[in-house]
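Topology and contacts: notes
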Amino acid sequence: MTWFDQHCHLPAGADSDEVVADAAAAGVSRLLTVGTDLEHSRQAIAVAQRHQSVWATVGVHPHDAHGGLDGIVELLDEPSVVAVGEAGLDFHYDHSPHPAQEEAFRRQIAIAKELKKPLVIHTRSAPEDTLRILREERAKDVGGIIHCFSEDAPFAKAALDLGFVSSFSGIVTFNKAVAVQDAAIQQPADALLIETDAPYLAPMPKRGKRNEPAYVAYTAARIAELRGEDPEALAQASYENAVRIFGIHE
Ligand SMILES: [Zn+2]
Ligand SMILES: [Zn+2]
């Protein structure tokens, strides 16, 4: 089985070597390390340049929206960069004021459209606003991924109508996440992805530990069980969806 963990945050520089090696040993042959601000986007590119199996995104997380987007566009030319983000809205933690989050989100959609790259969307406790902005900014022109899915099946359907597939993290393995599990069951196979969001949110049975890309199989196993599918077929479909969306040619 071969896996693509298309949303993780790898450690910088040489500290990434062990995590990437452990992932490879677990069959995770492709990794996408995600930028969250200028510094972490630069780090992500450096890690992608260091490892054959790693690609990068460049963007500003809603938590960091108050810092603006200076320097971000320039980084998006790098050949290892396959998407803009993570960008979006997080009204749960509210680390940045809402107008700053909205402004950074809208600008990153415009940048993605100009450069014809897909978007990696982070949305938490802001489902209506996220869908409204995707619609208003015509994000469908590039589409992308709702990462670390934490909403419900109607949201997943509305997002898909706007060109955004859903990516499920370890949250789907938590017993209380019934709405997320229902969304994973209903999601069409060609619009379903799996991620770790490592080092955050380790899936059961590793919950509470530092998450690793190598753990992507636990999340996939739970989704396969929920859908009554073979984990291998799910791994293959998720892999192919990621490669297609990010335009990664092997
Ligand atoms: Zn996120
Ligand atoms: Zn993330």
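What comes next is a walk through the structure. (Residues numbered from 1 in each chain as written. Chains lettered and ligands numbered in written order. Predicted model: local features only at pLDDT ≥ 70, side-chain atom pairs only at ≥ 80, totals over all residues. Heavy atoms only, no water.)

Section: the coordination of the zinc ion (ligand 2)
Looking at the metal site, the zinc ion (ligand 2) is ligated by His7 (NE2), His9 (NE2), Glu86 (OE) and Asp197 (OD), spaced 2.1 to 2.5 Å from it. Seen from the zinc ion (ligand 2), its 4 donor atoms lie at angles of 86 to 173°, and the figure they make is irregular. Counting the intervening residues between successive donors of the zinc ion (ligand 2) yields the motif H-x1-H-x76-E-x110-D. Between the zinc ion (ligand 2) and the zinc ion (ligand 1), both coordinated by Glu86, there is a metal-metal distance of 3.5 Å. Placement of Glu86 in strand β4 (residues 81-90) and of Asp197 in the loop between β8 (192-194) and α8 (216-227) is noted, with a sequence separation of 111 residues between them. Neither Glu86 nor Asp197 differs from the other in exposure class; each is buried. (Donors = N, O, S within 2.8 Å, 3.2 Å for Na, K, Ca; no water. Tetrahedral: all angles 85-135°; square planar, octahedral: opposite > 155°, others 65-115°. Helix = DSSP H or I, 4+ residues; strand = E, 2+ residues; numbered from the N terminus. Buried < 20%, exposed > 50% of the residue type's maximum accessible area, 1.4 Å probe, protein only.)

Quick word on the coordination of the zinc ion (ligand 1)
Surrounding the zinc ion (ligand 1) are the protein donor atoms Glu86 (OE), His122 (ND1) and His147 (NE2), which sit 2.0 to 2.1 Å from the metal. For the zinc ion (ligand 1), the donor residues sit on a single chain with the sequence spacing E-x35-H-x24-H.

A short note on the nonpolar core
In this structure, Phe164 and Phe168 are the most contacted members of the largest nonpolar core, which totals 64 residues. Sorting elements by how many residues they give to this core places helix α4 (residues 98-115) first, with 5 residues. Those residues in contact with Phe168 that sit more than four places away from it in its chain are Phe149, Val180, Ala183, Ala184, Gln187, Leu192, Leu193, Ile194, Glu195, Thr219 and Ile223. Among the nonpolar cores identified, the runner-up in size contains 16 residues, and Leu32, Ala83, Ala191 and Phe246 belong to it. (Core = buried A, V, L, I, M, F, W, Y, C linked by side-chain atoms within 4.5 Å. Contact = heavy atoms within 4.5 Å.)

Things to note about the sheet that holds strand β5 (residues 119-124)
The strand order across the open sheet built from 8 strands is β1-β2-β3-β4-β5-β6-β7-β8, with neighbouring strands paired in parallel fashion. Looking along the sheet, the strands with just one partner apiece sit at the ends: β1 (3-8) and β8. Adjacent strand axes in the sheet meet at a mean angle of 30°, parallel and antiparallel pairs treated alike. Examined bridge by bridge, β4 and β5 share 6 bridges and lie parallel to one another. Within β5, the residue paired with Gly85 across the bridge is Val120. In the packing of α8 onto the sheet, contacts are made with β1, β2 (28-33), β7 (164-168) and β8, and the angle to β8 comes to roughly 145°. The strands touched by helix α9 (residues 231-246) within the sheet are β1, β2, β4, β5, β6 (144-146), β7 and β8, with β8 carrying the most contacts at an inclination of about 100°. (Pairing = 2+ DSSP bridges. Axes fitted to C-alpha atoms, helices over the stretch in contact; angles between N-to-C directions.)

Structural notes on the pairing of β1
With 6 of 6 residues buried, β1 is to be regarded as a mostly interior element. Judged from the 4 bridges that link them, β1 and β2 form a sheet pairing that is parallel. Along β2, the bridge assignment pairs Phe4 with Arg30. Where the polypeptide runs from β1 across helix α1 (residues 16-25) and back to β2, its parallel neighbour, the crossover connection is right-handed. (Right-handed = clockwise from strand over helix to strand, strands pointing away.)

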